[in-house]
Amino acid sequence: MVLLENHVVLITGAGSGLGLGIARYCKMQGAEVIVTDISTEKIQQLETEFSERDLLLTCDVTRIADLEFCQQQIVQKYGRLDAVIGAQGIFDGNVAIKNMTAEHRP
Ligand SMILES: NC(=O)c1ccc[n+]([C@@H]2O[C@H](COP(=O)([O-])OP(=O)(O)OC[C@H]3O[C@@H](n4cnc5c(N)ncnc54)[C@H](O)[C@@H]3O)[C@@H](O)[C@H]2O)c1
């Protein structure tokens, strides 16, 4: 039995480490995965591992424009998103999301 069939899962900071491990696990469990990382080089190295069902994108999670680009690509390809896993592990300075502006940088 697979746990994530018919699920679309976005993993940010997934070019290596925990994020890549989570992306591989979600895929193994039947999900369609969107693998994103700030490093284009890391994303390019993963192109052969993931399939056409999946989406690989360069995305710096601190940049609103990058996040909007991802949103656009995800909506276009899947029309929905079921889960988001943030694995980049960057420190936000303890600023609550509701207090962040578009210019906020960690
Ligand atoms: N690996 C572990 O066992 C472990 C255990 C506990 C906690 N952590 C914490 O989890 C976090 C991730 O650890 P890891 O081992 O996976 O590290 P990692 O360096 O292998 O992976 C982090 C990924 O995030 C990407 N990244 C960095 N800044 C980004 C940004 N602004 N936007 C998008 N992607 C960005 C990096 O390019 C990298 O591919 C760290 O904060 C680490 O301290 C890791």
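Conventions we followed
Residues numbered from 1 in each chain as written. Predicted model: local features only at pLDDT ≥ 70, side-chain atom pairs only at ≥ 80, totals over all residues. Pairing = 2+ DSSP bridges. Helix = DSSP H or I, 4+ residues; strand = E, 2+ residues; numbered from the N terminus. Axes fitted to C-alpha atoms, helices over the stretch in contact; angles between N-to-C directions. Contact = placed C-beta atoms within 7 Å. Near = placed C-beta within 6 Å. Buried ≥ 20, exposed ≤ 12 C-beta atoms within 10 Å, placed from the backbone.

Caption draft 1: Structural view of the sheet that holds strand β1 (residues 8-12). Here 4 strands make up an open sheet; going across it, the order is β3-β2-β1-β4 and the pairing parallel. The open sheet has two free edges, formed respectively by β3 (55-58) and β4 (83-86), since each of these has just one partner strand. Each neighbouring strand pair of the sheet contributes to a mean axis angle of 15 degrees, computed without reference to strand direction. Pairing of β1 with strand β2 (residues 32-37) involves 4 bridges; the strand directions are parallel. Counted as the bridge partner of V9 is V33 from β2. Contacts from helix α1 (residues 17-28) reach β1, β2 and β4 within the one sheet, and its direction differs from that of β1 by about 170 degrees. Where helix α3 (residues 64-78) meets the sheet, it contacts β1, β2 and β3, and its direction lies at approximately 165 degrees from that of β3.

Caption draft 2: Representation of the site of the ligand in the model. Residues in contact with the ligand amount to 19 residues; listed here are only the nearest, G13, G15, G17, L18 and G89. Examining the composition of the shell around the ligand, we find that 3 residues originate from one element, α1, more than from any other.

Caption draft 3: Expanded view of unusual backbone geometry. Positive phi is not limited to glycine here, since N6 has a value of about 65 degrees. Structurally, N6 is set in the segment before β1. By the C-beta count within 10 Å, which is 9 here, N6 ends up exposed. Non-glycine residue N94 carries a positive phi angle of around 60 degrees. Following the sequence through the fold, N94 ends up in the segment after β4. Residue N94 is classed as exposed on the basis of its C-beta count, with 5 C-beta atoms lying within 10 Å.

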